[in-house]
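So the chains spell out like this:
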Amino acid sequence: MGFCIILALVSILIDYAFAEPAIDFTQFFGYNYGNPQLQSSYDYIIVGAGPAGSVLANRLSEHPEVTVLLLEAGKSELPLITNLPIVAVPLQATEYNFGYESEVQKYGCHGLRDRKCNWPHGKGVGGSTIINSMIYTRGGHRDYDDWARAGNPGWSWAEMLPYHIKAERANLRDFGGNGFHGVNGSLSVEDCSFRSNIAPVFVRAAQQAGYRYLDYNAGELIGVSYLQSNTDRGARVTSGTAYLVPVVSRKNLHVLTKSWVTKVLINHDSKQAKGVKFTRNRKVFSVKANREVILSAGAFESAKLLMLSGVGPANHLTSLEIPVIMDLPVGELLYEHPAVFGPVYLLQKPTDSYVQLDDNLKLRNYLEYLRGQGVFTTNTVESLLYVKTPVAESSDPGVPDIEIMQTFTSMDYDSSPASKLAFRLTNETYDGYFRPIRNIRSFQYVPILLKSRTKGKLRLKSRNPFHHPRFEYQYFEDDRDLDALAYGIEEAIRVTSQPAFRELGVELYSQNVPGCEEFEFNTHEYWRCHVRVLTATVHHQVATCKMGPPTDPEAVVDARLRVYGVGRLRVVDIGIVPEPPAAHTAAVAYGIGERAADMIKEDYRTGITGIQIDKIV
């Protein structure tokens, strides 16, 4: 019976990609975060229940006399579906995703609809941890040390590591006792219980190719390792299930879902944040913040909300007739982690039956999942390899610019339209490249460019708070970014040519992607074209509300995440990260939330909550 419900709900969720559902199943099967009576004021108002926002709600409400309101635009998680790692990609075709997309691209996304890349952004309790791949990578120590050297005290690796450890409840076979992992935290981090026979072969082959086996969450990155994931006995862990479900009974914490914040209320004369305005159930509410308003809505929504509230580039706000309260470079900087689907390999001697997802939707696999085992517990990614390419910008030999994700299958594994929709693949691209191998056991690599040279911008399209923002971002404006990803593909091929892979009888899939027929397969020029056609994103956008010292012309918040020139207002999410980290950003966001919670408590104790920090112009 339970398995039938699973299949029915999967079908319904996939249908969300085409139409608004008539029934909200979270009312019956979702996590219950309560329906509290809204008060006129709270000490802290937090906007957004993603990783950082959920951490803040938990930590700030630890004192029973401190009142906290957490507002989330989306719904609660639907554990029968959202907890299943195997449906991570199909979930991006549901209303748990804001459904953002890039502008039309000149140099990338050529095999995608309208030449636009999908830019997923989670909408619901958990934020993007509802729809991401649950990959837990903090980044290297150099990332954080660079933040500190840029004028952000308190954010070095040595200062941030205790917060990562505090957050963590780790269950790791090889690295749990190395001193870099916590065991008492709220956030489960574990080895994936499912590993196909490809994963150990890849790890062994990478070592044969000269890479060391390491814990990439211990500060150093160049090397190979198995995936560490935010799962608990095989089930997805969101920031909601980790940080909110255990404390939702606190009377001083109110969580309101389906509450879309449209404006931060700021006193124009005093430049102090007073509260927020939001809509819920087609009604408009205003609520007061006694201490602070904290924006944790993510790199896109926090920046958008600041600008709608009059905090942003004066010329841009004036062009939309938004009264300017504070002229700040909100959205003036936007970094992304471009990626590419491929190369793809075929197995001539398969030893398993992982050919199509439909074939694996069996009661046996679901029962294995309930025991924390089996194919339902994987997001398809099994191992990670960090590589430094010849075109890397940094001269530091320890700074990788490419991460290669090894997946146990390839895009053709999902025979439903969900993956094709989620990644915006055109029929021509999918039918010409992936469909021919639908009935063949295959796997693929997904190289990610960690240090892109492209700097984009986020802009408002209008004053309408429900309109998507506009992303002025062009992939591969710098030709070296194409070369780096092409090199990543070539390095994946070199690793797969090592002796360890001979036992599997693997064969490089040699079909040219549509649009690259003019290039000889497996040449550097061909792989550059392949990157332009099968461009992907791993939704790691940062820096829209950049953290920096008052002398930094790009900075929006200071090192304590206070918005420059506006009192009682902070941004606490991945948007404050100054430059692209060599990390999957969820782990970074959890650390930011833990660090910010202590900062906010310290500032209140010292009586500096409401002060304004001005920039030096």
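These remarks concern the structure in this document. (Residues numbered from 1 in each chain as written. Predicted model: local features only at pLDDT ≥ 70, side-chain atom pairs only at ≥ 80, totals over all residues. Heavy atoms only, no water.)

**Re the nonpolar core**
Leu306 and Leu569 are the most contacted members of the largest nonpolar core, which totals 169 residues. It is helix α16 (residues 479-496) that provides the largest number of residues to this core, a total of eight residues. Leave out the neighbours within four places in its chain, and leucine 306 touches Leu295, Val311, Val330, Cys545, Val556, Val563, Leu569 and Val571. Ile86, Tyr369, Phe408 and Tyr413 belong to the second largest nonpolar core, which has 19 residues in total. (Core = buried A, V, L, I, M, F, W, Y, C linked by side-chain atoms within 4.5 Å. Buried < 20%, exposed > 50% of the residue type's maximum accessible area, 1.4 Å probe, protein only. Helix = DSSP H or I, 4+ residues; strand = E, 2+ residues; numbered from the N terminus. Contact = heavy atoms within 4.5 Å.)

**Describing the side chain of threonine 137**
Residue placement: threonine 137 occurs in the loop between β4 (118-119) and α6 (141-149). Judged by its relative accessible area of 1%, threonine 137 is buried. Side-chain polar atoms of threonine 137 contact the backbone nitrogen of histidine 584, separated by 2.7 Å. With residues up to four places along the chain from it excluded, the contact list for threonine 137 reads Tyr216, Asn217, Leu384, Tyr386, Ala583, His584 and Ala587. (Polar contact = N/O pair within 3.5 Å; in protein donor to acceptor, adjacent residues only side chain to side chain.)

**A few points about the packing of aromatic side chains**
Taken as a whole, this structure holds 36 aromatic pairs when the rule is applied. Arranged with centres 5.1 Å apart and planes meeting at 65 degrees, the rings of tryptophan 260 and phenylalanine 466 form a pair that is edge-to-face. Of the two residues, tryptophan 260 sits in strand β12 (residues 259-267) while phenylalanine 466 sits in the loop between β22 (457-459) and β23 (470-472), which places them 206 residues apart along the sequence. Note on tryptophan 260: relative accessible area 15%, which makes it buried. On the numbers, 5.1 Å between centres and 45 degrees between planes, the contact of tyrosine 433 with tyrosine 509 is tilted. Of this pair, tyrosine 433 sits in helix α15 (residues 427-434) while tyrosine 509 sits in the loop between β24 (506-508) and α17 (524-533), and the two are 76 residues apart along the sequence. Both residues of the pair, tyrosine 433 and tyrosine 509, count as buried. Counting every residue linked through ring pairs, the aromatic cluster contains Phe98, Tyr100, Trp119, Trp260, Phe300, Phe466, Phe471, Tyr473, Tyr475 and Phe476. Above the ring of phenylalanine 98, the side-chain terminus of lysine 123 is found at 5.6 Å from the ring centroid. One residue, arginine 195, lies across the ring of tyrosine 226, its end atom 3.6 Å from the ring centre. (Phe/Tyr/Trp six-rings, centres within 6.5 Å; stacked < 30°, edge-to-face > 60°. Lys NZ or Arg CZ within 6 Å of the ring centre and 35° of its normal.)

Don't take any of this as a statement about function, it's just geometry.
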